[in-house]
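As a plain string of letters, each chain reads:
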Amino acid sequence: MKIATFNINGIKARLPALTDWLKESEPDVALLQEIKSVDEAFPREAIEDLGYTVETHGQKSFNGVAILSKLPLEDVTRGLPGDDSDEQARWIEATVIGDTQAVRVCGLYLPNGNPAPGPKYDYKLAWMDRLEARARDLLADEMPALMAGDYNIIPQAEDAAKPDQWVKDALFLPQSRAAFRRIVNLGFTEAFRARTLGGGHYSFWDYQAGAWERNNGIRIDHFLLTPACADLMADCWIESAVRGREKPSDHVPVWVRLDA
DNA sequence: ATGGCATGTAGGACATGA
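- Looking up chain A in an unreviewed UniProt entry gives the name Exodeoxyribonuclease III, with the organism given as Marivita geojedonensis.
- The annotation that UniProt attaches to chain A under Sequence similarities (unreviewed entry) is "Belongs to the DNA repair enzymes AP/ExoA family."

Pasting the structure below:
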């Protein structure tokens with residue numbers, strides 16, 4: 001199965017680009033972030049018409065995540081456990097029934113955290129603590145599992161074209177990167193880095209200052225695979241050409257193919 | 001050092017993003 005994560009930066013503004021992409025690239029499963037829509041306003045019919053089951057976890061104006069799947073889904077849950085007072089829609093998970101293997105798939109939109117320090121940064125770090133707890137539980141389960149989405153984390157200097165521009169940013173602060181490493185070091189495989197070494201690979205380019213034309217990007221959209229899931233990985237790549245299309249998102253899709 | 005651009009909400013600026 002082919003799974004993509006894609007921060008679409010608003011479903012209302014991105015529906016034509018999204019449906020064109022679905023038709024051409026044909027993911028079995030697409031994990032979307034920043035749908036910026038309540039569930040009732042999400043244009044599910046246009047996507048269902050392409051053969052997808054649509055599961056959303058939206059909110060008004062900001063955030064919001066979704067799972068689109070051509071394969072059967074079971075046990076869909078919404079919201080990251082650990083804080084019942086958290087009203088931000090940043091987490092959705094489901095079991096995807098593959099041809100040979102069921103996989104637990106989690107889609108996430110990790111908080112940006114700027115400005116740091118401050119309450120938004122505190123929220124980011126607290127959210128990452130909850131993510132670590134959920135990650136531990138996924139590792140303890142039998143079923144292969146992955147967590148994919150917009151992590152808003154630049155893991156290493158080589159993951160930014162101009163790392164010096166990010167040294168005081170919540171995406172690159174040592175404390176942010178350490179929290180990400182703590183989760184990876186529980187036993188996850190960061191799928192892209194398991195296959196591709198070195199710099200120059202990005203998943204986000206700002207709309208401003210000609211960032212795409214200058215290839216001034218950062219790599220912040222990631223797949224973390226449990227060991228059982230990493231055993232199934234056949235490939236991982238970034239579909240960077242999508243950034244050069246008409247009316248693009250500022251993120252591009254990142255993919256894994258699993259033998260499942 | 002700053003803003004640059006885009007989106008949603010709303011019907012004019014403003015909050016948010018990374």
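### Some thoughts on the UniProt feature "site: Interaction with DNA substrate" (unreviewed entry) in chain A
Okay, so step 1: When the UniProt feature table is mapped onto this chain numbering, "site: Interaction with DNA substrate" (unreviewed entry) sits at His251.
Okay, so step 2: Following the sequence through the fold, His251 ends up in the loop between β13 (233–238) and β14 (254–258).
Okay, so step 3: Polar contacts involving the side chain of His251 include one to the side chain of Asp221, which spans 2.9 Å.

### So, the sheet that holds strand β1 (residues 2–7)
Okay, so step 1: In space, the six strands of this open sheet follow the order β3-β4-β2-β1-β14-β13, with mixed pairing throughout. Both outer strands of the open sheet, β3 (53–57) and β13, are each paired with one neighbouring strand and no more. Going from strand to strand, the sheet's axes swing by 15° on average, the running direction of each strand aside.
Okay, so step 2: With five bridges joining them, β13 and β14 adopt antiparallel strand pairing. When the sheet's bridge partners are listed, Cys236 is paired in β14 with Val256.

### Notes on the packing of helix α3 (residues 119–140) against helix α4 (residues 174–184)
Okay, so step 1: Following both chains from N to C, one finds α3 and α4 inclined at 5°, their axes separated by 9 Å at the closest point. When the axis of α3 is compared with that of α4, the two are roughly parallel. In this structure, α3 uses Tyr121, Lys124, Leu125, Met128, Leu131, Glu132 and Ala135 to contact α4, whose residues at the interface are Gln175, Ser176, Ala179, Phe180, Arg182 and Ile183.
Okay, so step 2: When its residues are assigned to classes, the contact of α3 with α4 shows eight nonpolar, two polar and three charged.

### Some details on the sheet that holds strand β8 (residues 145–150)
Okay, so step 1: The strand order β5-β6-β7-β8-β12-β9 describes an open sheet built from six strands, whose pairing is mixed. Sheet topology places β5 (73–78) and β9 (189–190) at the edges, where each strand pairs with a single neighbour.
Okay, so step 2: Pairing analysis gives five bridges linking β8 to strand β12 (residues 221–225), with the strands arranged antiparallel. When the bridges of β12 are listed, Met147 appears paired with Leu224.
Okay, so step 3: Sitting on the sheet, α3 touches β6 (91–97), β7 (102–109) and β8, and the angle it makes with β7 is about 180°.
Okay, so step 4: In the packing of α4 onto the sheet, contacts are made with β8, β9 and β12, and the angle to β12 comes to roughly 30°.

### Observations concerning the layout of surface pockets
Okay, so step 1: There is about 540 Å³ of room inside the largest pocket.
Okay, so step 2: Around the largest pocket, the lining is made up of 24 residues, and of these Tyr109, Pro111, Asn112, Gly113 and Asn152 lie nearest the centre.
Okay, so step 3: The class makeup of the residues in the lining of the largest pocket is nine nonpolar, eight polar and seven charged.
Okay, so step 4: In this structure, the second largest pocket occupies an estimated 240 Å³ of space.
Okay, so step 5: Taken together, 14 residues form the lining of the second largest pocket, with Gln165, Trp166, Asp206, Ala211 and Asn216 sitting closest to its centre.

Reading the values: the criteria
- Counting starts from 1 at the beginning of each chain's written sequence and moves along it residue by residue.
- Labels follow written order: the first chain is A, the first ligand is 1, and so on.
- In view of the model being predicted, local features appear only for residues whose pLDDT reaches at least 70, and side-chain atom pairs are presented and counted only at 80 or more, with totals across whole chains, interfaces and linings using the full set of residues.
- Calculated side-chain values reflect all of the structure's heavy atoms, with hydrogen atoms and water omitted.
- UniProt positions are given in the numbering used here, feature names are shortened, and annotations may be inferred rather than shown by experiment.
- Secondary structure counts use DSSP, requiring at least four H or I residues in a row for a helix and at least two E residues in a row for a strand, with both numbered from the N terminus.
- In protein, a polar contact requires one atom able to donate a hydrogen and another able to accept it; more generally it is a pair of N or O atoms within 3.5 Å, and residues adjacent in sequence count only if both atoms are side-chain atoms.
- Criterion used throughout: strands pair if DSSP finds at least two bridges between them.
- Throughout, an axis means a line fitted to C-alpha atoms (over the contacting stretch in the case of helices), and angles, computed between N-to-C directions, take values from 0 to 180 degrees.
- Between 65 and 115 degrees an angle is taken as roughly perpendicular, under 35 as roughly parallel, over 145 as roughly antiparallel, and anywhere else as oblique.
- Any two residues having at least one pair of non-hydrogen atoms within 4.5 Å are treated as being in contact.
- Side-chain classes follow a simple rule in which Ala, Val, Leu, Ile, Met, Phe, Trp, Tyr, Cys and Pro form the nonpolar group, Asp, Glu, Lys and Arg form the charged group, and the remainder, Gly included, forms the polar group.
- Here the term cavity refers to a set of points on a 1 Å grid, laid over the protein atoms alone, in which a 1.4 Å probe fits but cannot get out; the term pocket refers to an open set having protein on both sides within 12 Å along at least five of seven lines, with lining residues being those that place an atom within 4 Å of a point.
- Grid points are joined across faces, edges and corners, and a volume is the space filled by probe spheres set on the points.

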